[in-house]
Amino acid sequence: MSSGNSSGNIYVDRRRLVRAAGVLGASALAGCSGTSGGDDGGSGSDGSSNGDDTESGDGSSGSQVYDTTMVSATNNGVPANMHLNPIATQNYDDIVGAHVFERFVAYNFETQEFEMVGLEDWSVDGETFTLTIREDLNWDNGEPVTAQDLVTQFRLEEKTSGAIWDFAESVEAGEDDKTVVFELEEETNPLLLKHAIGSQSDRIYAYSPVYEEYLDQDAAEVQQFAWEEDVVGNGSFSFESKSEQAWTLTRNEEYYNADNVNFTELQILQRADNSALQQGMRGGELDAMSSMFAPPNIANSMPDHVQEINTPAKWGYGIVFNHEHEHFGKQNVRQAIAHVVNRENVAQNAGPRTKAVPDAVTAIAVDDQERWLGDDMDRFETYGPSASQTDAAAELLRDAGYTKTDGVWEDENGESISAQYATPSGWTDWTTATNTVVDQLNAFGFDFEIDSKPISDFYGGYIEGNFGVGAFYWLPGGARSSFPFYPLRWEMLCPDIDGGHAFPTGEKTIPAMDGSGEMTINPLEEIREITSMTSDDEATDVIRRVAWHHNQTLPFVAVTEKQEQTWISGQNFNTPEEDNPNLGIKWASQWLPRVGEFTASGN
Amino acid sequence: MSRARDTADAETDAEPLIAAEDVEVHFEKEQGILELFDDPDVVKAVDGISVAIEENDVLALVGESGCGKTTLGKTIIGLQQPTGGAIKYRGRDIWETKAGNTDLSFKDVRSSLQIIHQDPGSSLNPNRRIVETLAEPIRLTHPDITAGERRERIHSLLERVGMTPAHDFASRYPHQLSGGEKQRVALARALLMNPDVILADEAISALDVSLRVEMMDLMLDLQSEFNTSFVFVSHDLSNARYFAEHGDGRVGVMYLGNLVEVGPPERLIADPQHPYTEVLRWATPNLSLDATEASDPPMRKIDIPDPVNPPSGCRFHTRCPEARETCTRLQPELEEFSDLEASSDRADSSRSHRVACFRSEPDHQYWESSAIED
Amino acid sequence: MTTTSERLHRSNDAVEDPILEVKNASVTFDDGETYVLDDVTFSIERNEILGVVGESGSGKSMLASALLDAIPAPGHLSGEVLYHPDQHTTVDILEFTDDELMEYRWADVSMVFQGAMSSFNPTMKVGAHFQDTLKAHNESVPDGMEFAREILSDLYLDPERVLDSYPHELSGGMQQRALIALSLLLEPEVLVMDEPTAALDLLMQRSILLLLEDIKEKYDVTMVFITHDLPLVASLADRMAVMYAFELIEAGPRDRIIGESAHPYTRALLNSTPNIDAPLEEMQPIPGKSPAPVNVPTGCSYADRCPLATETCTRDAPSFDQVEDEHTVACHHWQQAREEIALSFAGGDEAGRSTGGERR
Amino acid sequence: MGHYYLRRTARMFVTVFLVASLSFGLIRLLPGGPFSLLRANLLRQGVPASEVDARIANLQNIRPDAPLWEQYADYMLAAGQGDFGTSIALGEPVSRIIAQAVPWTVFIVLVSTVLIFVFGILLGAIQAYWEGSRFDQLVSGVSVTLMSVPFYVVAVLALFVFAYQFGWFPTAGTVGVGVETGVNMAFFTSALHHAALPIFSYTITGIGGQALAMRGNSIQVLGNDYVEVARLRGLSDSRIATRYVARNAILPLYTGFLLLLGFRLGGTVILEQIFSYPGLGYYMWSALESNDYPLMMGTFLVITVALVIGVYIADLTYGMIDPRISRGESDAY
Amino acid sequence: MPTEADENENVSWRSDSGVSADVTRWERADEFFEERIRKPAIVAWADRRTRIGLLILGIYLGMALIAVFDLYRAPSTNQATQLAGPFQSWDYPLGTTMSGVDLLSLIIHSTPDILLMIIAGSVWATGVAVLVGTLAGYKGGVVDRVLMSISDVVMAIPGLPLVIILAVTFNPKNPIVLGILININYWAGLGRSLRSQVLTIREDSYVEASRTMGVSTPRILQKDIIPNLMPYVTVNFVFAARYVVFASIGLFFLGVLPYSAQNWGVTLNYAYSGGALFTWEAAHWLIFPMIAIMGLSLGLILLGQGMDRVFNPRVRTRLAENSESTRTKTDAAMTEDH
């Protein structure tokens, strides 16, 4: 190996070597000596080793393509039961789809900016939203991806209430083959439009010859269509086959960035169990895996050549209240709880390193708080991120008419603040967090009992409003959660549980942001106004007001935010430096190969 | 107590204590769907037997294995429901009483009829000490006496049946007793119920020969003391004779569900009328030196026929050395043996000698029919 | 022939052509101090039927097992068991190697246990037991089975039916006869039968006994018949031996044992037996209980039950006295016994004038 | 005789019918509708609520709102024809999923149960033969220890050591990637290779109990007269050991064999989870997690039917194996 | 033999007049203690397996008592440093979990619930089995057929899947309910085999004798039938208990059962997902609960193996009265000939 960008490259996995040698045959030696060109993003060319490897010679304008298999895994289900129709209700394996279908744009969590991918450009102009497809984006059968394909896709999504249709009125092909134009219902905040198609899972998939027929049918038809054969994709890999055990994808030679991909095959194994994934990474079975949680001791035990990449999930453990509950309907009680909970402590227990703690308790993700709240951030109540502020909590409770007897807080009727604290069984990091939270709260004088329920039961209880307090995620998750419009609105409506927490959304009077007097706010009305605000400044102001409202009234108590871990192994591949900006795009395991940052090292 | 009531009710005294009236016990083998239309396999364990037992009576039933003597015994004491005929206790049908159709309490009937089993090994609950086993009948008959008194009674009865020191035996488990001792405990258990009748079902057969007389003596002693009747079931004619003769009772000989001869032991032994009784007599060992030499058996086959399909006519005809053609067709009735000596005290049913064989009727067609050739 | 004690000589010299001799056989359990067979010495004459009588727990089953050197596991057999295949050969079976023992058993001396049901493998047909035995001794199976059918017929059994049945499909009497046939399969010289008929009714017992006599004649076999039922064996045996408390106490020709028994125990045993012809009053139980193996009294073990017991009896163990030819007894007072204890049945020696032993 | 088979067969069908009805009722008891979890999952993936509702509405091809008895009738009629409906989560006919899962589960359960029996009987018989010996004591100790280890503990450890640490065995799946299903060496080898650890952990924890049972039975049989008589008859030790002792000692274990099979079938829910082995238990668990009623009922019913058939076979054959049982009254277990 | 003296006593055992009770309550209590407690205890203790089993179970009982009386602090998050190793500090001798819970206190405070669960489950399983088995076996007829048909069906339902469905349905938290739930259909197979044993026992003469005396059916079952089933019942009680341990912990491990209860299985689950299987620094987190599980089942099995002797009157008398060797030897001699 040349220049050695990663110490991991020193190690040669015997198994892999054999596999490579098997095909390279007699030229294995030559390959070894001459791979210097393979590691730097495909820029170098090396003709010395591809004598009998005609395949690689064909597709990649002279650059070396190794007969190497990249191995990753899916935990979505048995491949034989899964398919590649992204619009289907169920059993679409998005982990595989991400390799097969190109995305529109990519949101970089580092830079907090969108990067163009399948689109060359997007623009908002009054009541039109125009998308321009990359000129060289082709289906893997060689046909170009056209505006017609996208129009078909969006029209189908209209039937299934795709996100963009919250704002759009119609979609048509633009002037040329590569332009798509939405007519909007009204002038709309561009960020909302961009987030509507900019999530990691929004893909360009509707190959017209396959999907056209569904335009005239009910939505159910296309939602039940399982695309398992003759899948036509446009991503860096093409669907080859699937079995009980694995998906097999091959390098897509028609891909515009095919040069970046210098290996022939991508295998995606079926692994149900998280430990299986961890061990797969540890033992060298897997080369990359996205969104795989590993506790610190496991992470520390990974070989050196395994690289961990963290990206915020915009999702995490929070406390949800039933706002109609006799105790938790009281703002003071909620605030007391927020004060008592030591968020750092919870993060430490539930997953050190992978759990971030918000400074301000409001519905804005950790990394986005500074950007959106700016100078006002200091005004926000922190509720003590790394301490149990029991004095403050005690004062709040006393103000609300509670007294502490024998270490337990009681109301006027002598009843303790007791409740079953709901938590989903099976999510172990959550149950750990719940244990910690409940321990803290009970130590302070609440009377909680943990009520762990199977997942559907857990949701059921919330949806029916049949709870007092419990664990629930306080951010909806995904790239769009980085735009506070979404999480702020989400905390109030909480569609995941049909608003089962009964948060009152009318006009309210709360302490003023500047610490003097009071202010009146109708948070839901105000947040709605953002949809039509085209300027960021305008929106920022609204966001701060609503965020302040959340900070004071606490629809939820934000406790931690999850960092998602992606793992790549440098055992057989060249991996990027830790500060490579590409690592901010999810998921590194899917993104890096297509940008040439994850290339076969050839040994 | 049944006894107390009996004296008050003079009328019932006229009835025998137990009367079996034409009793049949047929066991039907379980039938399946495919055999619904076949004739069911029926074992006629007891087939039309009438016999009466008086107060303080002894009836010894003898016969070989499978002749139905145990079934008859159990039917007499109400453990086995007859499929035909009736068992009457002091004139009331036992099974009607159980169903609540008579003026007697079944509880009284039940406690009046007791049993001693053959196998000493299983006659006592291995997990209960003797005192516990014997406390059970007292609990039933005298529910309100104190534990101390109960123990007192148990000890004195144990001494009475010859198990001394009583307190030592009382605290033992059955496996710490010899076979004879177990049978004594079983006897004591039965006696504690103050029964009217005890069925001794081969109660001494499993004991050593040398212990049998002792056990029989004990039973007989207690019989007179307790005013109890015995139904004594045995395959050994000499035991039956000993017991019946001492108890002043009768011996009944059974063969394949039928009573073939019944009478006072001394007459039955001295002058057996039925060929089968002869066979049993032959089978009984005799110590007289001149009789010890085994002679050929007075029968034609060793094995008893299958009771599922018993022979027609006289059931013994397949083995009977005297059988003639008539025997294969006609079944002889159990009738008074017309003997001058016997007819004189005919009124006393317990002294009568009855037999079911054509040979006891001098002018029966049997004598005309031809002999059977094997 | 070497002898180790005087007793041995005296009790034995009656037999002229012994086929089996047991000398000073003892069986101990546990510590070696618990005797369940205590220094027993006797002989079996060729072609006789020897009846061994004793109460339950008198050690008679041990004696039977000793003849095949088959004492169950924790027990230990000492002494000598001499086998004379013919008049001039003598072997001590206790010296046999395992292979020799295997050959000796069943082929030379075979055995019938009490409870035929438990002697057959419940999951094998009766016929298979015969075949197994033949194969084990390298005999020709067809010939052997032919012979088996013959024996079965001789025992009044339907050979085909019996051989093709599972044990539980046969009645008790049939099983017992099948077992006797199995024991005769290899034409043994000696057949040891331990309570072979105890579980059967009298009629069947007598029938089998009758058949045994025929068998003995036909197959030229010596029989040892062990039972607690003295009258039963009396009709069959040529010679009888009486055991009491793990010891042999009297032996002699059948007629002498029955008619002129010398030991008080034998006489009491005879008198305690229900007998069809004897006057009822004459049947008396033997008072008391026989001793357990650990506390066999010193002196005569019968002393504490014996009406004639004197101080001598409780002090000294009696040695064998010769009553007459071939009739020996181990009792200090046997002459007195014959005078004072009357036999109750017809044909008993002094039947007429007896008043019987006291009933206590 | 004949009627017994008829009656027993009828009883089997009645049992299956009742169990099917029971499973129908049981599964109706489960909390939450079949879609609540799907809904939550989609919502969590960031799919907007309106779209989720629309997608779910399109899935309502079953009749969850029909009266219960109609659902019951539908279910029973269809089940009678081997049609368990379509899996909600996987969108495939349940029967097809089960058909591909059953062979693997049956393979693991059958092989491990047979192994348990073979080894357990061998060990137990040897122990009984040398009762009290050092070997006996050692094996007894090991047996008792193995009995106190749950199979899933062994499974987890075996997976860690032999699959992850040493890499001797695969960590998941039924056959290797790219191995063609069919009658060929590569397939069998790969299948065996994948099944080795599950079978191992199932077997090792079961042998102990079986060995102890066999030991106890054998010692009991050894005490029987017929063994002593056979020895006196001069039969060789091996003949006595096999035909007289082993056979009679194994008989009582025979019905346990099939009961054990049932326990093992149930245990696959945990085992297949650990080894990511897509058999019946694996699908049952995943169905349960996603409230996939049809798939859950299907797997449950198939496991049950397998068990009922097992017991049925035990009943029918026991009479043939043990001549003492007259077939008319054999209730083997 | 009966003597004159006896007869002169005028057969007091027949009279209805009371004889002074010479057995005091104390004597009866003493006898009860002797027969029901001391002798069984001696027999139990005489067996090495039972002894070890009892010792092991004693340890668990001790832990349960410590937990119940709060003699050792309750587990709580952040009571110690996270993932401290075992045997390094007296404050948390077995080390701590990733959320800083003292592992020893976790194990100790899990014990009461687990013991309750085990007892409930095995009492339920054996209790119902004994009830069904004896009733069906003793009564016969329609009762028998109905009960056996029911157990046929119940038996045909595979245990673990059924328990999973029930657990998800009812989400039981009470350890007693949980124990019963896990063994919900365990009784069926056991009931069947008990029934066939009852069929044998009811043929024994002493049962018929009791019937002849007019002893009530419940009392016959209680005194004559069930005591003879006890060795078998005890062994199966232990097996049922072991099944509760294995199944419950397996299900906790799988995440089917509610997490709120402190339970070794839950701890195992946390440890497993916390990577304890794969790294030494967390291994103790997995190892100690495993030891707790296996120790408990080992204790149960050993106890079960030895316990059948307690119910065997022969063993009991031999061991409890070995001073009276005479009697025992008589016993041995008595069995020798038959």
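Since the structure is predicted, the reported quantities are computational estimates derived from the model, not experimental observations. (Residues numbered from 1 in each chain as written. Chains lettered and ligands numbered in written order. Predicted model: local features only at pLDDT ≥ 70, side-chain atom pairs only at ≥ 80, totals over all residues. Heavy atoms only, no water.)

Caption draft 1: Representation of the nonpolar core within the structure. With 159 residues, the main nonpolar core has Tyr152 and Ile274 of chain D together with Trp264, Trp285 and Leu296 of chain E as its most contacted residues. At 14 residues, the largest contribution of residues to this core is made by helix H12 (residues 280-310) of chain E. Discounting chain neighbours no more than four positions away, the residues touching Ile274 of chain D are Tyr152, Ala155, Val156 and Leu159 of chain D together with Phe253 of chain E. Membership of the second largest hydrophobic core comes to 114 residues, among which are Leu37, Val52, Val112 and Tyr244 of chain C. (Core = buried A, V, L, I, M, F, W, Y, C linked by side-chain atoms within 4.5 Å. Buried < 20%, exposed > 50% of the residue type's maximum accessible area, 1.4 Å probe, protein only. Helix = DSSP H or I, 4+ residues; strand = E, 2+ residues; numbered from the N terminus. Contact = heavy atoms within 4.5 Å.)

Caption draft 2: Representation of the interface of chain C and chain B in the model. Listed by partner, the interface residues are 46 residues for chain C and 44 residues for chain B. Between chain C and chain B lies a buried interface of about 4000 Å² when both sides are counted; carbon and sulfur atoms form 60% of it. Taken together, the links from chain C to chain B amount to one salt bridge. When the shortest N-O distance is used, the salt bridge between Arg177 of chain C and Asp303 of chain B registers 2.4 Å. Linking chain C to chain B there are six residue pairs in polar contact (both at pLDDT 80 or more). Only helix H7 (172-184), helix H8 (202-219), helix H9 (230-234), helix H10 (254-259) and helix H11 (264-272) of chain C provide two or more residues apiece to the side of chain C that touches chain B. In terms of residue count, the dominant contributor to the side of chain C that touches chain B is H8 of chain C (eight residues). Looking at the side of chain C that touches chain B residue by residue, the class counts come to 25 nonpolar, 10 polar and 11 charged. (Buried area = accessible area lost by both parts, 1.4 Å probe. Salt bridge = Lys/Arg side-chain N within 4 Å of Asp/Glu carboxyl O. Polar contact = N/O pair within 3.5 Å; in protein donor to acceptor, adjacent residues only side chain to side chain. Nonpolar A, V, L, I, M, F, W, Y, C, P; charged D, E, K, R; others polar.)

Caption draft 3: Molecular detail of the interface of chain E and chain A. Contact residues are listed per partner, giving 25 residues for chain E and 28 residues for chain A. At the boundary of chain E with chain A, total buried surface from both sides reaches about 2000 Å², with 50% on carbon and sulfur atoms. Connecting chain E to chain A are zero salt bridges. Across the contact surface, chain E and chain A share 10 residue pairs in polar contact (both at pLDDT 80 or more). Its residues placed into classes, the side of chain E that touches chain A shows nine nonpolar, 14 polar and two charged.

Caption draft 4: Region of the structure containing the sheet that holds strand S11 (residues 246-251) of chain A. Residues and elements named next belong to chain A. Spatially, the four strands line up as an open sheet ordered S1-S12-S11-S10, and their pairing is mixed. The two strands at the open ends of the sheet, each matched to only one other strand, are strand S1 (66-74) and strand S10 (237-242). Geometrically, the sheet is characterised by an average inter-axis angle of 25 degrees between neighbouring strands, direction not taken into account. Note that S11 and strand S12 (residues 263-270) share five bridges and pair antiparallel. Residue pairing for S12: Leu249 is matched across the bridge by Leu266. (Pairing = 2+ DSSP bridges. Axes fitted to C-alpha atoms, helices over the stretch in contact; angles between N-to-C directions.)

Caption draft 5: Highlighting helix H12 (residues 237-246) of chain B. All names here are of chain B. For H12, the buried fraction is high: eight of the 10 residues fall into the buried class. Of all the positions in H12, only Leu237, Ser238, Asn239, Ala240, Arg241, Tyr242, Phe243 and Ala244 are classed as buried. Just beyond H12, the residue with positive phi is Asp248, at close to 60 degrees.

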